[in-house]
Amino acid sequence: MVLCAILLVSLSSLVTYIIVKSQLKNQSPVSSSTPVVKVSPTPTVVADPDAGWKTYTNTKYGFTIKHPYTWGPEDSGQGVVTLKNDRLGQIVIYEGVLSGGTNNPKARFEYSETQLDNKEAKMQKYYFNNQLKQINYEIQINSKSLVISLQPNPNSSFDLFDQILSTFKFLD
């Protein structure tokens, strides 16, 4: 009787195994990988920050600089170029060297090295009463020193001046 019970359990297990195996063969395979969702990037339009600006070209010193149309360039004919906006301030470009220190205890200068259009330049920051008032750059062009002086009016920031300066390019 024990033998019959073992035989019956074994036979029952074998039949169950054959039925399950045949059902699995008839089913379509199930993918275990995570589905891939493709997302096409949406193109973004980047506005040209100086679109509509004018370009001033100076062949004597070999450079160009873009400026807003409200910043009229004034060329003195004596080697001094001024990009000026009465409300915001001015950028003065001239042949010369950066000035030295000062005896005024409320004024101080900070100096560092930087680059303008991939050329080495000296940068001078002028502070008065611990407020940044002016940034000057000195750069060598054909054995001459050119100074670019950013001079915002009080309550103007250097942001627009930096944007204008970023368009400074040497003629090749």
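Reading the values: the criteria
- Residues numbered from 1 in each chain as written.
- Predicted model: local features only at pLDDT ≥ 70, side-chain atom pairs only at ≥ 80, totals over all residues.
- Heavy atoms only, no water.
- Buried < 20%, exposed > 50% of the residue type's maximum accessible area, 1.4 Å probe, protein only.
- Helix = DSSP H or I, 4+ residues; strand = E, 2+ residues; numbered from the N terminus.
- Pairing = 2+ DSSP bridges.
- Axes fitted to C-alpha atoms, helices over the stretch in contact; angles between N-to-C directions.
- Polar contact = N/O pair within 3.5 Å; in protein donor to acceptor, adjacent residues only side chain to side chain.
- Contact = heavy atoms within 4.5 Å.
- Core = buried A, V, L, I, M, F, W, Y, C linked by side-chain atoms within 4.5 Å.

Novice: Lay out the pairing of strand β2 (residues 63–67) with the relevant residues and their values.
Specialist: Taking burial as the measure, the 5 residues of β2 include 4 buried ones, the bulk of the element. Where strand β1 (residues 54–58) lies against β2, 5 bridges are found, and the strand directions are antiparallel. Residue pairing for β2: T57 is matched across the bridge by T64. A loop of 4 residues connects β1 with β2, the two strands running antiparallel in sequence, and G62 in this loop sits at a positive phi of about 75 degrees.

Novice: Give me the lowdown on the sheet that holds strand β8 (residues 131–141), citing residues and values where you can.
Specialist: Read across the open sheet, the 7 strands follow the order β3-β4-β5-β9-β8-β7-β6; overall the sheet is antiparallel. If you trace the sheet from one side to the other, it starts and ends with β3 (72–75) and β6 (107–116), each paired once. Neighbour-to-neighbour, the strand axes of this sheet turn through a mean angle of 20 degrees, independent of strand direction. Both β3 and strand β4 (residues 80–85) contribute to a ladder of 4 bridges, which runs antiparallel. Looking at the pairing, D75 lines up with V81 of β4.

Novice: Give a detailed account of the side chain of S149, specifying residues and quantitative values.
Specialist: Considering the arrangement of structural elements, one finds S149 in strand β9 (residues 144–152). Here Q134 takes part through its side chain, which lies 3.0 Å from a polar atom of the side chain of S149. Within polar-contact distance, the side chain of S149 engages the side chain of N136 at 2.5 Å. Excluding residues that lie within four positions of it along the chain, S149 makes contacts with Q90, I91, V92, Q134, I135 and N136.

Novice: Break down the sheet that holds strand β10 (residues 169–170) for me, with residues and values.
Specialist: Strand order in the open sheet formed by 3 strands is β1-β2-β10, with antiparallel pairing between adjacent strands. At either end of the open sheet lies a strand with only one pairing partner, and these are β1 and β10.

Novice: How would you summarise the nonpolar core if you had to cite specific residues and measurements?
Specialist: Buried together is how nonpolar side chains tend to be arranged in soluble globular proteins. One finds I91, I148, L150 and F168 to be the most contacted residues of the largest nonpolar core, which totals 27 residues. For this core, the elements supplying multiple residues, two or more each, are β2, β4, β5 (89–95), β7 (119–128), β8, β9 and α2 (159–165). Among the elements that take part in this core, β8 stands out by supplying 4 residues, more than any other. Apart from the residues lying within four places of it in its own chain, the contact partners of I148 are I91, V92, I93, L116, I135, N136, Y137, L165 and F168.

Treat this as a map of the structure, not an account of what it does.
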